[in-house]
Structure formats: C-alpha cells, structure tokens
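# Structural characterization, general
Each chain, written out:
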Amino acid sequence: MDLSVIIVNYNVKYFLEHCLKSVLKACKDIEAEIFVVDNNSTDGSKEYLEERFPSVIFKWQKTNVGFGKANNSVLPEAKGTHILFLNPDTIVPEDCFEKCLLFFKENKDCAALGVHMRDGTGNYLKESKRSFPSALTSLFKMTGFAALFPSSKIFAKYYAGHLPEKQINEVDVLAGAFMMVIEKAIKAVKGFDEDFFMYGEDIDLSYRIQQAGLKNFYFPGTSIIHFKGESTQKNSGQYTRTFYNAMQLFVRKHYKERKAAYFFMKMAISFSRVMATVKLFVRRMFVNGKKGNKQANTAVVADQPTFDNILHLLRHAKLPVITSGRIAIDNNDPGVFIGRQDNIDEAIKKYQLEQLIFCEGGLTYKRIIELASEFAGRLNFLFHSKDSHSIVGSNDKNEKGIFIADQ
C-alpha cells in the first residue's frame, strides 16, 4: 500500500467533513487507507461522520489522549509505505498525494516532507518550513527582528526566511498539520513522543528524524489550506500555557546536557511566554471588543446545481451573511450575479464584495486553493464541498473557525 493517512479529530466535525472529502479525492488513483482517531469529541462527531464516510477507519477514544498518542495508536495497523499525519482543519488538492509520493520516489534521501500551506484567508503560512528554535532564533522572532528582516538567514531563521517560499529545500522542522514520512523513518524514531500532549511534537519528531541521520524536506510543489484558527485558537490563555510548556519539554529533552544552551533557551522561552501573554492581553482589551458583527457582502462561486443545493445552508446561516448571488466559474458557465454575468475579479470591484464562498464541484479543490491565493488579502473566504452539509472558513488564525451547517 502506498499511503496511510492518519487524522486526529477533536470537536471539529464540520472541518473534518471537508478534509475527508478532499482526502478521498486525492486518494482516488493511489492505493491508500484513511484513519481518523477521535479524542473523545463531544460535538457529535461519531454520529455525524461515521455513516457519511464508510471507507474511513474510525477509532473512537474514550478520553482525550493527546495528539501524539492518538497518532501512534494506529501506527501498528497502518499498512502504507508512507504515513501522512494530517490535521482535520485542512483541505488538500486532488493531485497532492501523487506529487508527494513522486517526490519521495525521485529523492531517495527524503525521509519526511511538508508542503506549502495557506491559511483560510489564502495567505502563506510561514510555519510550512522552520528551523529548530534555538535561544537566539526565538529571541529574534519575539523581538520583531525576524519581521523586520524576513529574508535574513540570521534574524529570520525561525521560519527559514532565507529559503524561498516556492523552492524545494532540506529543512529542520516540518509542521504536524501535514507531515508525510516514510515507514522506515517512523519505525526508526518510534513515532511521536507521547509526553507532548499537544504542540511541539512535530518539532520533536523532526529533530529525531534528523538525529537518526535522515532528512526532512520542504516541498512547495503542492499547496494546501490549513484553516489554522480552528485547531490552534491562539487567542486564549490555554494555548499560551500548553504551547510554552511543550517548548520547555523540548528543551529539557534535547538540550539539558548542554548547560549554556539549556540556560539561554529556557530564558528565551520564558521571555517569549511573557511577550505572548502581553500580546494576548492587548488583543483582548483593544482588538476583540472592536470587531462587531458587520454584515459582509457575499457572493457564491459555484456552478448552478451546487448553488441551488447550498441555498438552504445559507438560509440557516447564523453569520452576518448577505448572499448577493452567484458568479460564473468559467467561460462556459452562464453565471448569474444579480441578473448579470461577471467574472470574479469584475464582481469584486463592481459590487464591493467582502466575502466569497468557494464551492467544490464545479470548481476543483486545487482551483479553489489557487483562487484563495490569488485574492488573498482582498476579502474573506468560506468553503463548501460537494454534497457536504456545511460551509467552513477561518478569517483569523488567532480565532476559532467559522461554520454554517444545517444540523
């Protein structure tokens, strides 16, 4: 078997619905199996997902055992020569897995790879490629030098800013949101360290892969959507505590014998934690309270049958959405937008659109990701998969994701 996909779910059933639909399409022409390990979700994930995806192997935990342990729990059953650890709040293009597997075939020294990731607003996620978080690297990130010199090998090392976004490179750290690893590498390092409950386990696994004499690669030959805000919810004290506790664990595990490095890295993490706490306080006091619920002028990018099918979802929307109409998706589509035919760019300008709902079906997942990239920064996006019962999105990586559902 070519590929085993492992997804850990915790209370994100609507995002996982779209993730699985995209994964199934990406597995169409390869021999693959898909595992979902649910960490005792309380949102009705089992009732909602199990009957909708009969080909997926579901494992229902009775407690929340953490990200690493949940992934490890199905490794003995996985038959694939390649293992993909994938977040549930992701969407992958149809040719994603084929391209990744081909890269492994053509690059025998590659043990693990990560891909080019975009968030729910279409913007590039810098954590697609990273360096190990040394004391100096972390300090430059937290003090803003990395942002001032985003391409510097010294100041922007945390996100490997000196390595081009669209260029293949060997890197230190891969993101756990999408991490494809060859079977022998996973066996060599014995999977995730289960002492990491959540966060930091991808850094630790990347580090141990390198320590085993193997290589991690950043492969931008394919792009995925990682909604980010739904899984991380950075705008919370819980996130800050969990993340920085994980960083302390990583440092104790790998640097404790190197006294000077251990001391300075502990100091850097403590400083970073204080800075993150201050930023959280400022955001809560001066940003969150000013957001409001402004209505967003919205259009649907879909073929006519898909548009007709999601109208009931839009009618149930609790979001401040105005559905203005439908935009043609290609030259052969006699699209309607308030009674007129427009392409996307024309419609955005003419009707002062603030939000688009991209619908898979008439559009491929690959094309949706391309469009999100093309219009990133200009407006917000929501996403709908053909025959799904929900619409999802994430307009702020620090906030909980958005969903519209009929049940």
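See above for the structure.
Overview of the structure. As the structure is a prediction and not an experimental result, all values here were calculated from the model.

Per the secondary structure count, the protein includes 14 helices and 15 strands. Buried positions account for 56% of the 407 residues belonging to the protein. Within the protein, counting contacts between residues at least 6 apart in sequence, those at least 24 apart form 76% of the total.

Before going further, it helps to spend a moment on the pattern of salt bridges. Tallied over the entire structure, the rule returns 12 salt bridges. The closest approach of N and O atoms between D345 and R378, which form a salt bridge, is 2.9 Å. Separated by 33 residues along the polypeptide, D345 in helix α13 (residues 344-350) and R378 in the loop between α14 (365-374) and β13 (380-384) bring together distant segments of the chain. Given the relative accessible area of 27%, D345 is considered partly exposed. A residue is classified by how much of its surface remains accessible, and R378, at 41% relative accessible area, is partly exposed.

Following the sequence through the fold, N64 ends up in the loop between β3 (57-60) and α3 (67-74). Classification of N64 as partly exposed rests on a relative accessible area of 31%. Along the backbone, N64 and S41 are 23 residues apart, and their C-alpha atoms lie at a distance of 8.0 Å. A polar contact is formed between the side chain of N64 and the side chain of N39, at a distance of 3.2 Å. Polar side-chain contacts of N64 include one of 3.1 Å to the backbone nitrogen of G66.

Attention now moves to the side chain of H226. Topologically, H226 is positioned in strand β9 (residues 215-226). Among the polar contacts listed, one links the side chain of H226 to the side chain of N87, at a separation of 3.4 Å.

The subject of this paragraph is the packing of aromatic side chains. Scanning the model with the defined rule gives 12 aromatic pairs in all. With a centroid separation of 5.6 Å and 70° between ring planes, the pair formed by F67 and F192 is classed as edge-to-face. Taken together, the residues span a long stretch of sequence, with F67 in helix α3 and F192 in the loop between α7 (183-189) and α8 (201-211) at a distance of 125 residues. In this structure F67 comes out as buried when scored by relative accessible area, which is 15%.

Despite not being glycine, N11 has its phi angle at roughly 60°, a positive value. Assignment of secondary structure puts N11 in the loop between β1 (3-9) and α1 (13-26). Of note in this structure, N40 is not a glycine but carries a positive phi near 60°. Relative to the elements of secondary structure, N40 occurs in the loop between β2 (32-38) and α2 (45-49).

The biggest cluster of nonpolar side chains holds 94 residues, and the ones touching the most others in it are F85, F97, L113, F178, M180, L356 and F358. A total of seven residues in this core trace back to one element, the largest contributor, which is α1. Dropping the residues within four chain positions of it, F97 is found in contact with L3, V5, V23, A26, C27, I30, L84, V92, F178 and M180. Counting residues in each nonpolar core, the second largest holds 12 residues, with A302, I310, L314 and I402 among its members.

A word on α14. Restricting attention to buried positions, one finds in α14 the residues Y365, I368, I369, L371 and A372. Buried residues of α14, viewed axially, fall in a sector of 160°; they line one side. Elements that come into contact with the buried residues of α14 comprise α1, β5 (90-91), β9, α13, β12 (355-359) and β13.

Along α8, nine of the 11 residues are buried, which leaves the element largely enclosed by surrounding structure. Restricting attention to buried positions, one finds in α8 the residues E201, D202, I203, D204, L205, S206, Y207, R208 and I209. At the C-terminal side of α8, G213 shows a positive phi close to 85°.

Counting buried residues along β12, five of its five residues qualify, which places the element largely inside the surrounding structure. Residues Q355, I357 and C359 line one face of β12 and the alternating positions L356 and F358 line the opposite face, and both faces are buried. Here strand β10 (residues 296-301) pairs with β12 via four bridges, running parallel. Of the residues in β12, the one forming a bridge with V301 is F358. Note: β12 against β13, five bridges, orientation parallel. Considered in β13, the bridge of C359 is made with H384. Crossover handedness for the path β12 to α14 to β13: right-handed.

Mapped onto the elements, I391 comes out in strand β14 (residues 390-393). Along the primary structure I391 and I357 are separated by 34 residues, whereas in three dimensions their C-alpha atoms are 8.2 Å apart. The contacts of I391, once residues within four sequence positions are left out, are H18, L313, L314, I357, L382, F383, H384, I402, F403 and I404.

Our focus in this paragraph is a nonpolar patch on the surface. A grouping of F145, L148 and F149 is seen on the molecular surface, where their side chains present a nonpolar patch of about 300 Å² in accessible area. With respect to the helices and strands, F149 occurs in the loop between α6 (145-148) and β7 (169-171).

What follows covers the environment of Y124. Take Y124: it is sitting in the loop between β6 (110-118) and α5 (135-142). Spatially, the C-alpha atoms of Y124 and I225 are 9.3 Å apart, while their sequence positions differ by 101 residues. Contacts of Y124, omitting those with residues within four sequence positions, involve H116, M117, R118, K129, E165 and Y218. A distance of 3.4 Å separates polar atoms of two side chains, one belonging to Y124 and the other to Y218.

Rules behind the numbers
- Residues numbered from 1 in each chain as written.
- Predicted model: local features only at pLDDT ≥ 70, side-chain atom pairs only at ≥ 80, totals over all residues.
- Heavy atoms only, no water.
- Helix = DSSP H or I, 4+ residues; strand = E, 2+ residues; numbered from the N terminus.
- Buried < 20%, exposed > 50% of the residue type's maximum accessible area, 1.4 Å probe, protein only.
- Contact = heavy atoms within 4.5 Å.
- Salt bridge = Lys/Arg side-chain N within 4 Å of Asp/Glu carboxyl O.
- Polar contact = N/O pair within 3.5 Å; in protein donor to acceptor, adjacent residues only side chain to side chain.
- Phe/Tyr/Trp six-rings, centres within 6.5 Å; stacked < 30°, edge-to-face > 60°.
- Core = buried A, V, L, I, M, F, W, Y, C linked by side-chain atoms within 4.5 Å.
- Arc of directions from axis to C-beta.
- Pairing = 2+ DSSP bridges.
- Right-handed = clockwise from strand over helix to strand, strands pointing away.
- Patch = residues over 30% accessible without salt bridge, like charges linked within 9 Å, V, L, I, M, F, W, Y side chains within 5 Å.
- Areas by Shrake-Rupley, 256 points an atom, 1.4 Å probe, with all protein chains shown as cover.

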